Amino acid sequence: MSTGHSELHTKHEQITKYIESLPVGTKLSVRQIAQDLDVSEGTAYRAIKEAENIGLVSTKRRIGTIRMEKKEEPVIDKLTFEEIVNVVEGVVLGGSTGIHKSLNKFVIGAMQLEAMLKYIEAGNLLIVGNRVQAHMCALGQGAGVLITGGFDTTPEVKELADELHLPIIGSSFDTFTVATMINRAMEDRLIKKKILMVGDIMRKDSPIYSLEGTDTVKDMQKLAEKTMHTRYPVIDGKRVPIGMITTKDIVGAKPSQLISSLMTPNPLMINLKTSVASAGHMMVWEGIELLPVIDNERKMIGVISRKDVMKAMQHMQQQPQNAETFEVQIYAGIDEVRDAEGRLFFRGAITPQMTNFEGLVSEGVLTTIMIRAAYRTVKEHKKGDLILDSSSSYFLIPLQMDEVFEIVPTIVEMTRRFCKIDMEITANGARVARSMFTARIL
């Protein structure tokens, strides 16, 4: 029953070992791996993605997928000089031995040298053009230097950088573009930091209960009496999950019957880097209560229950925003208003960022706003998040910049786990758009 799963597992191991054997810097392709190892391109693609998740390869724009040196996971809220090099597509001109150091702040050198020195401290990064004296002074104060505009610096400056182990980075972009790129990288870091991962909530202080496919119904009954649990992952001899089994599955079965003949095979699995929200959506969508957590070798290292996920997601909703995704930025200008009877509706104005190349409101932006308004409407009645099942939208009149609009929600149907909401957008007394959403409630 688990032969196909084992074969796939073996192929993934084979491709991973093959990638590990390649020299750092080797360029990879799905087609080439499929040909070299005699596997399907689909299997090769999935294996390369897994290799990317564990840091064996990296896919870079305009270059492709490259074998890279596997590094320890960096501290997420601190950028290193090496990461700055990647962000600005730069080159290291000097001080390469300090490239792994973290930076705590960057300073734009758009002022007189005397004034600039007041702002530069150890651990900073000075962003400046071809001002050699500024390069020298920044290094002397313990800061790295990023030279913009494609300029170089003098051999004396490079020699000092090597001596102090402080990197000098060159970039062909101008100062404003470089500062924008670094700001975006730091914003992305903050967004990633606030996303809760399975590894953040998986309990490491409690035992992991599981069964093997060769165990019997009698073995499961003993385990259920001991733990009082009703469902267990089923693993093979290498601790790879091959199925799930519940106490309902063994009702009426003989005590000597093997678990492998009663389990549900090919279980869904997650890893430590799966987001909690993704795990929750998977559980609700598939109607399951327990997910095995696997490591990079697909061995089970723990389990996550639906209760764990729901508790974590409730905690996430109470946390303040540290950084804003595009969706949060789009919805930020929408006000929540109540009519004379206390019913909730929403009001906003079309900003330039909401428009398309024609200067009219983007239909995608309007859909995003309606979805966020639907989420907020449900929270009036239920504690929980939504998984959108489907939506049907109609756009009747285009909106222009600065026009004020209102979103009026109507709950058509709501049960404990399901809702249907009608959303209508009006402006200047006319109907602009209408959408019907169906969603599941976490």
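Preceding block: the structure.
What you see is a predicted model, and the numbers here were worked out from it, not measured in a lab.

Reading guide: rules and limits
- Residues numbered from 1 in each chain as written.
- Predicted model: local features only at pLDDT ≥ 70, side-chain atom pairs only at ≥ 80, totals over all residues.
- Heavy atoms only, no water.
- Helix = DSSP H or I, 4+ residues; strand = E, 2+ residues; numbered from the N terminus.
- Buried < 20%, exposed > 50% of the residue type's maximum accessible area, 1.4 Å probe, protein only.
- Contact = heavy atoms within 4.5 Å.
- Arc of directions from axis to C-beta.
- Pairing = 2+ DSSP bridges.
- Axes fitted to C-alpha atoms, helices over the stretch in contact; angles between N-to-C directions.

Explain the environment of Ile369 to me, please; I cannot follow it from the model alone.
Mapping Ile369 onto the fold places it in helix H14 (residues 363–379). Classification of Ile369 as buried rests on a relative accessible area of 0%. Distance in space between the C-alpha atoms of Ile369 and Phe346 is 9.7 Å, their sequence separation being 23 residues. Beyond its immediate chain neighbours, meaning those up to four positions away, Ile369 contacts Ile330, Tyr331, Ile334, Met354, Phe405 and Ile407.

What is the right way to look at helix H6 (residues 132–140) in this model?
An α-helical turn contains 3.6 residues, so a residue and the one three or four places further along point in the same direction. For H6, the full list of buried residues reads Ala134, His135, Ala138 and Leu139. When H6 is viewed along its axis, its buried side chains cluster within an angular range of 130° and face the same direction. Facing away from the buried side of H6 by over 90 degrees, the exposed positions are Gln133 and Gly140. Tucked inside the fold, the buried residues of H6 contact helix H5 (113–117), strand E6 (124–128), strand E7 (144–147), helix H7 (155–164) and strand E8 (168–170).

Would you explain unusual backbone geometry in this entry?
Both trends apply: most residues other than glycine have a negative phi, and most peptide bonds are in trans. A positive phi angle, near 55°, is found at Asp38, a position not held by glycine. Mapped onto the secondary structure, Asp38 falls in the loop between helix H2 (30–37) and helix H3 (41–53). Not every positive phi belongs to a glycine, and Arg239 is a case in point at roughly 70°. Mapped onto the fold, Arg239 is located in the loop between strand E10 (231–235) and strand E11 (241–246). We classify Arg239 as partly exposed; its relative accessible area is 34%.

Help me understand the sheet that holds strand E9 (residues 211–212) in this model?
Two modes of strand pairing occur in sheets, parallel and antiparallel, and in both the strands are linked by backbone hydrogen bonds. Strand order across the open sheet formed by four strands is E9-E10-E11-E12, with mixed pairing between neighbours. Each end of this open sheet is capped by a strand with a single partner; those strands are E9 and strand E12 (264–265). In the sheet, E9 pairs with E10 via two bridges, with the strands oriented parallel. Counted as the bridge partner of Leu211 is Val234 from E10. Against the sheet, helix H10 (residues 217–227) engages E9, E10 and E11, with an angle of about 135° to E10.

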